[in-house]
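# Chain and residue survey
Listed below, chain by chain, are the residues.
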Amino acid sequence: MNKLKCIVVDDEPLAQEVLERYLQNIREIEVVTTCSNALEAFEVLNNEAIDLMFLDISMPVISGLDFLRSLHKAPAVIITTAHPDY
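What comes next concerns the included structure. (Residues numbered from 1 in each chain as written. Predicted model: local features only at pLDDT ≥ 70, side-chain atom pairs only at ≥ 80, totals over all residues. Heavy atoms only, no water.)

## A look at the overall build of the protein chain
The following threshold applies: Note on conventions: DSSP H or I runs of at least 4 residues are helices, E runs of at least 2 residues are strands, and numbering of each starts at the N terminus. Using C-alpha atoms as the atom set, the radius of gyration is obtained and then compared with a globule rule of 2.2 Å times the number of residues to the power 0.38. Exposure is judged per residue with a 1.4 Å probe applied to protein chains only, and the accessible area is read against the type maximum: over 50% gives exposed, under 20% gives buried, and values in between give partly exposed. In short, Shrake-Rupley with a 1.4 Å probe defines the accessible areas, and a residue's cover is counted only from the protein chains shown. Positive charges come from Lys and Arg, negative ones from Asp and Glu, while His and the chain ends are left out of the count. The location of each charge is read from NZ of Lys, CZ of Arg, CG of Asp or CD of Glu.
Of regular secondary structure, the protein chain possesses three helices and four strands. Tracing the protein chain from N to C terminus, the helices and strands come up as β-α-β-α-β-α-β. Whereas a compact globule of 86 residues would reach a radius of gyration of roughly 12 Å, the protein chain reaches 12 Å, a difference of no more than 12%. Across its three principal directions, the C-alpha atoms of the protein chain cover 35 × 25 × 20 Å. Out of the 86 residues belonging to the protein chain, those deemed buried represent 33%. When the accessible surface of the protein chain is totalled, it reaches about 5700 Å², and 51% of it is carbon and sulfur. Of note, the protein chain has its 6 positive side-chain charges centred 10 Å away from the centre of its 14 negative side-chain charges.

## Comments concerning helix H2 (residues 38-47)
The test is simple: The arc in question is the one spanned by the directions pointing from the helix axis to the C-beta atoms. Should any heavy atoms of two residues lie within 4.5 Å, those residues are considered in contact. N or O atoms closer than or at 3.5 Å make up a polar contact, with two conditions inside protein: a donor-capable atom paired with an acceptor-capable one, and, for residues adjacent in sequence, both atoms drawn from side chains.
For H2, the complete set of buried residues consists of Ala38, Ala41, Val44 and Leu45. End-on view of H2: buried residues confined to an arc of 120°, all on one side of the axis. Among the exposed residues of H2, those oriented more than 90 degrees off its buried face are Leu39, Asn46 and Asn47. On its buried side, H2 packs onto strand E1 (4-9), strand E2 (29-35), strand E3 (52-56) and helix H3 (64-70). The backbone nitrogen of Leu39 has a side-chain oxygen 3.0 Å away, supplied by the residue at the start of H2, namely Asn37.

## What about the pattern of salt bridges?
As a reminder, the rule being used: Counted as salt bridges are all cases of a side-chain nitrogen of Lys or Arg within 4 Å of a carboxyl oxygen of Asp or Glu.
Using the criterion set out here, one finds two salt bridges in the structure. As a salt-bridge pair, Glu17 and Arg21 come within 2.8 Å of each other at their nearest N and O atoms. Within this pair, Glu17 and its partner Arg21 are both found in helix H1 (residues 13-23), separated by four residues, close to a single helical turn. Residue class for Glu17 comes out partly exposed when judged on its relative accessible area of 46%. A salt bridge links Asp66 to Arg69; the shortest N-O distance between them is 2.9 Å. One end of the pair is Asp66 and the other is Arg69, both in helix H3 and three residues apart, which spans about a single turn. On the basis of relative accessible area, Arg69 is assigned to the exposed category, the value being 63%.

## What to know about the pairing of strand E4 (residues 76-80)
Walk down a regular strand and you will see the side chains alternate between the two sheet faces. To be explicit about the condition: A strand pair is defined by DSSP finding two or more bridges across the two strands. Whether a crossover is right-handed depends on one test, that the path from the first strand over the helix to the second runs clockwise when the strands point away from the viewer.
In terms of strand pairing, E3 meets E4 through five bridges, oriented parallel. Following the sheet pairing, Met53 is matched in E4 by Val77. Read from E3 through H3 to E4, the crossover connection turns out right-handed.

So, in structure tokens, the structure goes:
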């Protein structure tokens, strides 16, 4: 069985750690890497075949939603946030 290759994009190290720890328990998912911002994630998406992205809404420089809108071909996305406004 092929695993879904995913990345975690979040500027909070604790959120990255929690998501990565949870995803390690799902055998159908392989966490390729974690990214602290949209620029890092853009680089990964250009160099890797990523199936799934966990994306924080509120990040410095480029928000998660603006980053998602800028992608020509985005993987499946699960939006994450710690902000109750969303």
